[in-house]
Amino acid sequence: MSSIIECIRTVGRGERSRKPLSYQQAHLVMTEYLQGQVPTGKMAMLMMLIRVQNETAAEVAGFTLALREYLESSSPTLNQLKADVDWPCFAGKRELQGAPWHLYSAKALAMNGKSVLIHGHIEAGTKRLHAANFLDTLGITYCNSIEQAQQELEKNRIAYLPLDVYAPQVVDMLRWQQEYGLRTPINTCARMLNPSNAKISLRGSFHPGFPKLHAEAEYLIQQQIHNGKPDICTVSFKGVGGESEFNPKVSQSLFCATRNGVEELYWDEKLNPDLPQLVQCVMGTDTDKLELLANTAVAGIAVVLWAAGQSSQMSRDQAINGAERVWQDYVNHAI
């Protein structure tokens, strides 16, 4: 018998009696839904009730791990997909915020030897600027299969894999937003799928509290993963427009999650006017924004290098110095 009714009762009772789902409840009900044991309407109802109350780290972790397990079991090729860096791009950016400059960070890292899997989804009717719309400008391949993504990672060390290729079930759940007019916890879970099991994962979000939520949920997932799985270092932060693009113009807290726990860090504003700049941005960025583009690209590279250097306790300054060298190499190549 499915657990969906009990889950709805748990989160939907009166103000004094209701409570969030436990990790075990969330994992079980999502597993049952994916196995066809729970009707879509009831699962959508549960998600709406949870969203109204704000999802907890335990709920997100339970849902996300159930999704990961289902996707891996139903797609053997997904288990073969390997990258160094997991870069989810789901939110897009408003036009006034500029093009998706984080693609420069990802491309520069790939040219420097790190394999990067970018993945995401574009909501129907959106007017935002999404990474998927700018891939051609930087020679990044939009992959129509998991096999193609792995081939691109092996050949060029960078690829874009759309959500509907590796997780069509999640796309169906994301459509509940259009059908019912409310975002659900699936919007959070989709960013956390890490389809390539990369050891470094970036998570940008918009709403206050969500960077910490992502980190705490990832820590809970890491506690549940069986031996033999890599220890993932997830860095979550408030991204530009909610995208996984680090904003060098603002001071903010970052949350780093590993199997050992969650660490909060404070990184202050960091802009370097002397960074090398592109002669021209292939994304159409105005020349007066090229300095900010360069700083944004370096900031994204630095976050990845810092996460990769956690075993050696790399400092932020060391990561930025390394990122500036990576960016210099990229600019030299682009000239």
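Whatever comes next refers back to the structure up there.
### Here we look at the overall build of the chain
A count of helical and extended segments in the chain gives 13 helices and 7 strands. Relative to a compact globule of 335 residues, whose C-alpha radius of gyration would be 20 Å, the chain shows 20 Å and is just as compact. Reported as C-alpha extents along the three principal axes, the dimensions of the chain are approximately 65 × 40 × 40 Å. Counting every position in the chain, which comprises 335 residues, the buried fraction comes to 55%. Looking at the chain alone, contacts between residues at least 24 apart form 71% of all its contacts between residues at least 6 apart. When the accessible surface of the chain is summed, it comes to about 14900 Å², and 47% of that surface belongs to carbon and sulfur atoms. Computed over 31 positive and 34 negative side-chain charges, the separation of the two mean positions in the chain equals 5 Å.

### Quick notes on the packing of aromatic side chains
Counted by the stated rule, this structure contains 8 aromatic pairs. With a centroid separation of 5.3 Å and an interplanar angle of 75 degrees, the aromatic rings of Phe237 and Phe246 are classed as edge-to-face. Of the two residues, Phe237 and Phe246, both sit in the buried class. Seen from their ring centres, Trp327 and Tyr330 are 5.5 Å apart, and the 20 degrees between their planes marks the pair as stacked. Remark: Tyr330 and Trp327 occur in helix α13 (residues 316-334); sequence separation between them is 3 residues, near one turn of the helix. The pair formed by Trp327 and Tyr330 is uniform in burial state, with each residue classed as buried. Of note, Lys93 hangs over the ring of Trp101, and the distance from its end group to the ring centre comes to 4.6 Å. When the ring centre of Phe206 is taken as reference, the NZ or CZ atom of Lys238 above it lies at 4.0 Å.

### Here we look at the packing of helix α5 (residues 102-111) against α13
One way to put it is that α5 packs onto α13 with a least axis distance of 9 Å and a crossing angle of 90 degrees. With respect to α13, the element α5 is oriented roughly perpendicular. Contact with α5, carried on its side by Tyr104, Lys107, Ala108, Leu109 and Met111, involves Val326, Trp327, Tyr330 and His333 of α13 and no other residues of that element. Here the residues of the contact of α5 with α13 sort into 7 nonpolar, 1 polar and 1 charged.

### Let's talk about the sheet that holds strand β1 (residues 85-89)
In space, the 7 strands of this open sheet follow the order β3-β2-β1-β4-β5-β6-β7, with mixed pairing throughout. Looking at the sheet topology across the chains shown, the edges are occupied by β3 (158-162) and β7 (261-267). The sheet shows a mean angle of 20 degrees between the axes of neighbouring strands, direction not considered.

### Structural notes on helix α1 (residues 4-12)
Listed as buried for α1 are Ile4, Cys7, Ile8, Thr10 and Val11. Each buried residue of α1 sits inside an arc of 160 degrees when the element is viewed along its axis, so together they form one side. Where α1 is buried, its residues meet α2 (23-34), α3 (40-53) and α4 (57-74).

### Looking at the pattern of salt bridges
All chains considered together, the criterion is met by 8 salt bridges. Arg175 is the partner of Asp172 in a salt bridge, and the nearest nitrogen-oxygen pair spans 2.7 Å. Between Glu218 and Arg203 there is a salt bridge whose closest N-O contact spans 3.1 Å. Here Glu218 is found in helix α11 (residues 210-224), whereas its partner Arg203 is found in strand β4 (residues 200-205), with 15 residues between them in sequence. The same class applies to Glu218 as to Arg203, namely buried. Salt bridges sharing common partners tie together Arg68, Arg203 and Glu218.

### Observations concerning the environment of Ala294
Residue position: Ala294 is located in helix α12 (residues 290-308). A relative accessible area of 1% places Ala294 in the buried class. Distance from Ala294 to Gly120, taken between C-alpha atoms, is 23 Å for residues 174 residues apart in sequence. Dropping the residues within four chain positions of it, Ala294 is found in contact with Leu275, Pro276 and Trp327.

### Side note on the environment of Ala131
In this structure, Ala131 sits in the loop between β2 (116-120) and α6 (146-156). Residues Ala131 and Ala106, spaced 25 residues apart in sequence, show a C-alpha to C-alpha distance of 11 Å. Those residues within four positions of Ala131 in sequence are excluded, and the remaining contacts are Cys89, Pro100, His102 and Leu103.

### A look at the side chain of Thr184
By the element assignment, Thr184 lies in the loop between α9 (176-180) and α10 (186-191). Given a relative accessible area of 2%, Thr184 falls into the buried group. Beyond its immediate stretch of four places on either side in the chain, Thr184 contacts Met47, Met48 and Arg51.

Parameters and conventions
- Residues numbered from 1 in each chain as written.
- Predicted model: local features only at pLDDT ≥ 70, side-chain atom pairs only at ≥ 80, totals over all residues.
- Heavy atoms only, no water.
- Helix = DSSP H or I, 4+ residues; strand = E, 2+ residues; numbered from the N terminus.
- Rg over C-alpha atoms; globule rule 2.2 N^0.38 Å.
- Buried < 20%, exposed > 50% of the residue type's maximum accessible area, 1.4 Å probe, protein only.
- Contact = heavy atoms within 4.5 Å.
- Areas by Shrake-Rupley, 256 points an atom, 1.4 Å probe, with all protein chains shown as cover.
- Lys, Arg positive; Asp, Glu negative; His and termini not counted.
- Charge placed at Lys NZ, Arg CZ, Asp CG, Glu CD.
- Phe/Tyr/Trp six-rings, centres within 6.5 Å; stacked < 30°, edge-to-face > 60°.
- Lys NZ or Arg CZ within 6 Å of the ring centre and 35° of its normal.
- Axes fitted to C-alpha atoms, helices over the stretch in contact; angles between N-to-C directions.
- Parallel < 35°, antiparallel > 145°, perpendicular 65-115°, else oblique.
- Nonpolar A, V, L, I, M, F, W, Y, C, P; charged D, E, K, R; others polar.
- Pairing = 2+ DSSP bridges.
- Arc of directions from axis to C-beta.
- Salt bridge = Lys/Arg side-chain N within 4 Å of Asp/Glu carboxyl O.

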